[in-house]
Amino acid sequence: MYEVITSQPPDLIDTLRETWPRMAELLLELESDQPAETRIGRLRHIGALWYVQGGAAEVLAEVGIALSERLRIPQGLIVSELLLAYGAAQEEERTREWETHLLNRVAELDGLHRIICAANSTLDLSSSLQAVTETVSQVIGVEVCSIYLYEQHRDELVLRATFGLDQAVVGRVVTHLGEGVTGWAAQLGYPVSIHDILSDPRFAAEPQLGSEPFRSILAVPVVLYNTDPSHLGTGKLQGVINIQTQGPRTFAQEEINFVEVVSGELAFFIANAQLYQQTDERLHQKIRELSTLQQVSKSIAEQLDLHVALSLIAEKAVELSKADRADIFQIDDLRVLQPVATCGKTEPVQVHNFVLQTFAEGKPLSVLDAFQDSRFPDLPAIAHAEGFHSLFCIPLQARGNTIGCICLYTRQPHHFDYDQVRLLNTFADEAAIAIENARLYAESKRALTVKSMMLLEMHHRVRNNLQTISALLAMQLRRLDPDNVGARALRESAARIQSIAAVHNLLCREDMGYTTVDAIARQVVESTATLLSVPGHPIEMDVSGEAAKIGSREATVLALIINELVSNAFTHGLAAEGGRLQVESRIQNERVMVEVRDDGPLHPTVPRRSGGSGLGLQIIETLAREDMKGGFELLSDGEWMRARVYFPQRFQPYNDEGLVASV
């Protein structure tokens, strides 16, 4: 709305104040005596508001230049803040639009999933059609959805299911081709959308339906398409899907596309259901083929590794088509078609002309006799060298784009008939979806790596915060008498906090979510020794044992336990003249055992200070038994005082596919 402002206005700021009240308020706040951060916030508010109101970025830059002269702030700072806020608002709007688009697509996919499930779950045509009407109404958000089926022998469209209208009229409302909007769409063979039926002469009211309150309508024919152009027409018409709303409405192209997809799925189901009702042997064969395809598609869909999925698709293509060999070609990042999988051949696969033609046209290619096909002069030599007689190539298409193709070869002459072609096309669609899912899964794994880095950063920040708290406790500790009760409590608290910080220090450097017992022990011993060591009383420390992996939660608990055990050794067994302190970890019978021992029995004892509460041992007992689901024991053999903590080994790392693998 402000793009009409000239590039050299008499006074740009005054003009904005006169024509834009909200901008005048922000400019007034900006010119008042405020801190720099507040002014930057106002500048960002102006930049975002400018984008929301449709202003041009070039004029916004001129506003920034004008403001810099008034506010005596560098032009670069003002213009950059304004344009950054402008760009951020623009990106936020794009993000919202994309999120809305994705939500709509998810709703449509969910609706298609329910429709396909309803169609595959029963052969009862009436109940499936009713489920389709309800699902379409919910996805698109309309008041009425109805399905008419075409009865070819009577040349009539009969209402067979409806949502939003009187169920009593189902089976009683009949219309002919060319009559009303429904008959018009059936006759034309493509969707008919009417914004307001009151202004369209094609609309014919049906008294039995009671559709007077509804103003807009979308009629989409349900057509079972045939690849043979000579058979296109009413012979393949299955019915019409109608959706209606109470108020005038212009249906978006995406909504029309969705109903067309539904009609496509419905066309196959109606045809199959009608054939089944006739108990035709051909239908039973079709059902067996579709069952095989479903099992094959399920096997393919369950595989998320792209390389394995491609190999499995090639194998299942051979199985489904009864061919001798299958090759899969896929376009790479440079838009070059490359062989990616094969079944039935050991030599390297070549990209021949017929493969390129299938990919370029996006249509199946069938060759009955490779030695006599005039379309490809070099094909006889290729067939002789590679040992095939017939071939069939199918494009792989996902999201409207051709991403590759599958080529099937037979050693004997083989005609791929219409039914088999349809089956293989459906398989190719499923295979393309599986390939696309595997690609998306690989991208998701890369995104998970990014999230892992974020988690490591979180551990890093938690560690820093804990170290800050420990430093504050240390500062307070220096103000107290080292021997009083408060100082001892502060030292113990600081040691515990340092132990937790040590765990986060390990987690921010190791693989996401776990560390090792010996690494925890080293960190805790070093931090505790720094806080509790006494000058003149040297203590020889040693940490050894197996690198038993442990999860993040258990690592924190174990750090507290080791801290308490090491603190007890420093303040009791080794307090008189120092000594030796050893920490050992090992795995026995699927249990992790950590032993902290000191040679305190060989040194003079220090009288226990009054006020001791035994809190340390209570903490150890509680953490070992309740949190770690293990045990704790204290032993002495005359030379060593041994404190042992044991708990089950239950760490479960993630494998390469992101799944939990038991250790």
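What counts, and where the lines are drawn
- Residues numbered from 1 in each chain as written.
- Predicted model: local features only at pLDDT ≥ 70, side-chain atom pairs only at ≥ 80, totals over all residues.
- Heavy atoms only, no water.
- Pairing = 2+ DSSP bridges.
- Helix = DSSP H or I, 4+ residues; strand = E, 2+ residues; numbered from the N terminus.
- Axes fitted to C-alpha atoms, helices over the stretch in contact; angles between N-to-C directions.
- Contact = heavy atoms within 4.5 Å.
- Buried < 20%, exposed > 50% of the residue type's maximum accessible area, 1.4 Å probe, protein only.
- Phe/Tyr/Trp six-rings, centres within 6.5 Å; stacked < 30°, edge-to-face > 60°.
- Left-handed = near helix turned anticlockwise from the far one by under 90°.
- Nonpolar A, V, L, I, M, F, W, Y, C, P; charged D, E, K, R; others polar.
- Polar contact = N/O pair within 3.5 Å; in protein donor to acceptor, adjacent residues only side chain to side chain.
- Parallel < 35°, antiparallel > 145°, perpendicular 65-115°, else oblique.

All right, on to the sheet that holds strand β16 (residues 591–598) then. The strands that make up a sheet are held in pairs by hydrogen bonds between backbone atoms, and each pair lies either parallel or antiparallel. Ordered in space as β13-β15-β16-β18-β17, the 5 strands form an open sheet in which the pairing is mixed. What marks the edges here is a single partner per strand, and that holds for β13 (539–545) and β17 (631–636). Taking each pair of neighbouring strands and ignoring which way they run, the sheet shows an average axis angle of 15 degrees. Pairing of β16 with strand β18 (residues 641–648), which is carried by 8 bridges, proceeds in the antiparallel orientation. Each residue of the ladder has a partner; that of Met593, found in β18, is Tyr646. Against the sheet, helix α16 (residues 552–573) contacts β13, β15 (579–588), β16, β17 and β18, and its axis sits at roughly 20 degrees relative to β16.

Further remarks concern the pairing of β16. The side chains of a regular strand alternate between both faces of the sheet. β16 sits mainly inside the fold: 7 of its 8 residues count as buried. In this structure, the hairpin formed by β15 and β16 is closed by a connection of 2 residues, where Asn589 is found at a positive phi of approximately 50 degrees.

Summed over the entire model, instances satisfying the criterion amount to 5 aromatic pairs. Centre to centre, the rings of Trp20 and Trp50 are 5.7 Å apart; their planes meet at 40 degrees, and the pair counts as tilted. Residue Trp20 is found in the loop between α1 (12–19) and α2 (21–31), and its partner Trp50 is found in helix α3 (residues 36–52); the two are separated by 30 residues along the sequence. Its relative accessible area of 0% is what places Trp50 among the buried residues. Each ring, one from Phe354 and one from Phe376, has its centre 6.4 Å from the other, and the planes form 75 degrees; the classification is edge-to-face.

Attention shifts here to the packing of α2 against helix α4 (residues 57–71). Viewed as axis vectors pointing N to C, α2 and α4 meet at an angle of 35 degrees, and their least axial separation amounts to 11 Å. The two elements α2 and α4 meet at a crossing, and its hand is right-handed. Packed against α2, whose contacting residues are Leu27, Leu30 and Glu31, the element α4 presents Leu67, Arg70 and Leu71 at the interface. By residue class, the composition of the contact of α2 with α4 is 4 nonpolar, no polar and 2 charged.

Along the polypeptide, Asp373 turns up in the loop between β9 (365–367) and α12 (379–386). Overall, Asp373 belongs to the buried group, its relative accessible area being 15%. At a separation of 2.8 Å, a polar atom in the side chain of Asp373 contacts the side chain of Arg375. In this structure, Asp373 is in contact with Val367 and Leu379, ignoring residues within four places of it in sequence.

Glancing now at the packing of α1 against α2. One way to put it is that α1 packs onto α2 with a least axis distance of 6 Å and a crossing angle of 130 degrees. If you check the angle between α1 and α2, you find them oblique. Together, Ile13, Leu16, Arg17 and Thr19 of α1 and Pro21, Met23, Ala24, Leu27 and Glu31 of α2 make up the contact between the two elements. Split by residue class, the contact of α1 with α2 holds 6 nonpolar, 1 polar and 2 charged.

These results come straight from atomic positions and should not be treated as a statement about function.
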